[in-house]
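What follows is each chain in one-letter form.
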Amino acid sequence: MEQLNKNPRRDFLKTSAIVTGGLMLQPFSLPGAFAAGSDEIKIAVIGCGGRGTGAVFQAFDTGHNIKLVAMADAFRDRIDKSYEPIFNKYGKDKVDVPEERKFVGFEGYKEAIKLADVVILAAPPGFRPDHFEEAVRQGKQIFMEKPVAIDATGIRKVLAAAEEAKKKKLNVVVGLQRHYQENYRETIKRIHDGVVGDIIGGQVYWNDGGVWVNPRQPGQTEMEYQMRNWYYFNWLCGDHIVEQHVHNLDVANWVKNSYPVKAYGTGGRQVRTGKEYGEIFDHHSITFTYADGTVIFSECRHFPGATNRVDERFQGTKGNVYLSAGNHGMLTEWGGKEIYNHKRENNPNPYQVEHDELFDAIVKGEYKFADAENAAKSTMTAILGRYATYSGKEITWDEALNSTMDLMPEKLAWDAMPKVLPDEDGFYPYAIPGKTKVI
């Protein structure tokens with residue numbers, strides 16, 4: 001197979017010129033009524049869990065004339081639980097989703113996308129490549145959640161669709177919200193201006209106690225059980241290094257203006273070992289090496305009761321960097337003298353800023369956001385890390401990105417079987433470093 005992305009830094013700079021503060025201010029027109037003169041923007045949400053529901057609230061809270069016209073999810077109860085609070089807050093003037101526009105099942109997203117000017121893609125990450133590809137094919141403006149895929153096969157599909165989105169001048173904003181958070185924007189701008197010199201090292205962390213579990217219910221097929229517990233199966237989630245830690249790895253790439261060329265690490269199941277935790281690891285520790293020799297250390301774990309940590313630190317030739325989602329942003333000289341300390345008070349909510357800026361561009365008819373390529377490559381960074389920990393091998397970027405291993409089931413149906421199945425005792429197979437093949 002042809003080798004991809006020979007120059008990660010060059011490609012990062014090309015991408016970030018579009019994504020971060022920049023911007024291709026080119027006009028476009030929306031299809032349908034909006035383009036014909038109405039100022040109403042029709043939206044559809046694909047994936048009606050907490051993040052999809054929250055994104056609909058944030059779209060409405062931009063203050064623009066937005067109407068929700070379609071909802072799609074694999075499960076009817078998810079649509080109902082999402083619809084009720086949205087309708088209760090915004091009412092029939094903003095929410096027009098009759099029964100025939102509530103699409104249930106694996107294929108309903110196609111019909112929901114047809115009805116909208118802007119689509120919100122928030123189903124489990126394994127579905128994101130197909131949903132994004134379809135939204136681009138139909139020519140829609142897009143907000144999609146991170147991560148954008150769970151394996152290299154999906155990443156290549158997203159990268160191809162991202163190129164099509166650029167050709168069609170479709171705004172694409174991705175929920176790597178630190179790109180829309182003031183402390184990250186201001187601090188990283190100063191890093192790129194050379195305030196702390198060249199970045200020569202760093203450490204990024206997402207350590208916490210883990211997330212929910214939905215117990216197996218009588219009568220559930222294996223497909224439904226895994227879908228209800230999507231976080232613990234790689235074809236749906238990609239492991240927590242991909243689903244969560246992608247945020248911190250994305251910051252490392254942003255700070256470095258590049259993507260890693262190789263990764264080496266270790267991981268496993270030390271604390272979270274029960275059958276209810278599917279196949280994913282509970283800890284990953286990785287060193288990512290960049291083309292200039294810089295090493296970024298990455299750590300993520302789900303250990304209940306242990307000390308939590310979610311932040312990023314970097315070392316430059318002239319000083320140090322500290323960043324966190326709690327609006328921290330600090331630059332210091334090596335001797336400790338403060339260079340910059342971001343004011344933490346009154347910072348806007350980055351989850352809201354994502355939508356404010358997207359819909360502002362749409363209303364103005366501007367083509368301004370092309371987040372998908374960077375999101376795909378930051379997601380690929382996390383997948384590279386998983387490949388390294390699962391295999392116990394050093395894996396290069398090119399090896400990872402060109403992997404043809406496809407985790408998705410051969411068929412999506414309630415009576416179909418995923419590729420990973422439990423044994424007679426209900427335990428799922430999981431990766432064994434040194435034995436498992438990922439490429």
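Preceding block: the structure.
Quantities reported herein were computed from a predicted structural model and do not represent experimental measurements.

K.L.:
What is the right way to read the nonpolar core from this model?
P.N.:
Grouped burial of nonpolar side chains is what soluble globular proteins tend to show. Counting 95 residues, the largest nonpolar core has Phe132, Ile142, Met144, Ile155, Met227, Phe314 and Met380 as the members making the most contacts within it. Looking at this core element by element, the count peaks at 10 residues for helix 13 (residues 372-391). With residues up to four places along the chain from it excluded, the contact list for isoleucine 142 reads Val119, Leu121, Phe132, Ala135, Val136, Asn171, Val172, Val173 and Leu358. Core analysis: the second largest hydrophobic core is formed by 29 residues, Val118, Phe143, Leu358 and Phe359 among them.

K.L.:
Can you help me understand empty space enclosed by the protein in this one?
P.N.:
If you roll a probe as big as a water molecule over the atoms, it shows you where there is empty space left. Under the criterion given, the structure shown has 2 cavities of 30 Å³ or more. The computed volume of the second largest cavity comes to approximately 40 Å³. Forming the boundary of the second largest cavity are Ala162, Ala165, Lys166, Leu170, Val172, Tyr367, Phe369, Ala370, Asp371, Ala372 and Glu373. Every element with two or more residues in the lining of the second largest cavity is listed here: helix 7 (152-167) and helix 13. Here the element with the most residues in the lining of the second largest cavity is helix 7; it accounts for 3 residues. Along the lines of polarity and charge, the residues of the lining of the second largest cavity split into 8 nonpolar, no polar and 3 charged.

K.L.:
Can you walk me through the packing of helix 3 (residues 50-60) against helix 12 (residues 350-364) in this structure?
P.N.:
In a packed pair of helices, the relevant descriptors are the angle between the two axes and the axis-to-axis distance. Between helix 3 and helix 12, the least distance of the axes is 9 Å, while the angle of their chain directions is 55 degrees. Relative to helix 12, helix 3 is oriented oblique. The handedness of the crossing between helix 3 and helix 12 is right-handed. Facing helix 3, whose interface residues are Arg51, Ala55, Gln58 and Ala59, helix 12 presents Tyr351, Gln352, His355 and Phe359. Residue composition of the contact of helix 3 with helix 12, by class: 4 nonpolar, 3 polar and 1 charged.

K.L.:
Help me out: how do you make sense of the layout of surface pockets in this one?
P.N.:
Taken as a whole, the largest pocket spans an internal volume of roughly 840 Å³. Taken together, 42 residues form the lining of the largest pocket, with Arg78, Ala122, Ala123, Pro124 and Trp230 sitting closest to its centre. When residues of the lining of the largest pocket are traced back to their parent elements, those giving at least two are helix 3, strand 3 (66-73), helix 4 (76-90), helix 5 (108-114), helix 6 (128-137) and helix 9 (222-228). Of the residues in the lining of the largest pocket, the class split is 19 nonpolar, 12 polar and 11 charged.

K.L.:
What is the right way to look at the sheet that holds strand 4 (residues 102-104) in this model?
P.N.:
Whether parallel or antiparallel, the strands of a sheet pair through hydrogen bonds between backbone atoms. Pairing is parallel across the open sheet formed by 6 strands, whose spatial order is 4-3-2-5-6-7. Looking at the sheet topology across the chains shown, the edges are occupied by strand 4 and strand 7 (172-174). The sheet shows a mean angle of 15 degrees between the axes of neighbouring strands, taken without regard to direction.

K.L.:
I would appreciate a short explanation of the packing of aromatic side chains in the present structure.
P.N.:
Each aromatic ring pair is specified by the distance between its two centres and by the angle formed by the two planes. Within the structure shown, the criterion is met by 19 aromatic pairs. Ring geometry for tryptophan 212 versus tyrosine 232: centroids 6.1 Å apart, planes at 80 degrees, classification edge-to-face. Placement of the pair is tryptophan 212 in the loop between strand 8 (199-208) and helix 9 and tyrosine 232 in the loop between helix 9 and helix 10 (240-243), with a sequence separation of 20 residues. Among the residues examined, tyrosine 232 registers a relative accessible area of 0% and is labelled buried. Measuring from centroid to centroid gives 5.6 Å for tyrosine 232 and tyrosine 277, while their planes differ by 65 degrees, and the two rings are edge-to-face. Remark: tyrosine 277 occurs in the loop between strand 9 (262-268) and strand 10 (283-289) and tyrosine 232 occurs in the loop between helix 9 and helix 10; sequence separation between them is 45 residues. Across the pair, exposure class does not vary: tyrosine 232 and tyrosine 277 are buried alike.

Reading guide: rules and limits
Residues numbered from 1 in each chain as written. Predicted model: local features only at pLDDT ≥ 70, side-chain atom pairs only at ≥ 80, totals over all residues. Heavy atoms only, no water. Core = buried A, V, L, I, M, F, W, Y, C linked by side-chain atoms within 4.5 Å. Buried < 20%, exposed > 50% of the residue type's maximum accessible area, 1.4 Å probe, protein only. Helix = DSSP H or I, 4+ residues; strand = E, 2+ residues; numbered from the N terminus. Contact = heavy atoms within 4.5 Å. 1 Å grid on protein atoms, 1.4 Å probe; cavity = no way out; pocket = protein on both sides within 12 Å on 5 of 7 lines; lining within 4 Å. Points joined across faces, edges and corners; volume = space filled by probe spheres on them. Nonpolar A, V, L, I, M, F, W, Y, C, P; charged D, E, K, R; others polar. Axes fitted to C-alpha atoms, helices over the stretch in contact; angles between N-to-C directions. Parallel < 35°, antiparallel > 145°, perpendicular 65-115°, else oblique. Left-handed = near helix turned anticlockwise from the far one by under 90°. Pairing = 2+ DSSP bridges. Phe/Tyr/Trp six-rings, centres within 6.5 Å; stacked < 30°, edge-to-face > 60°.

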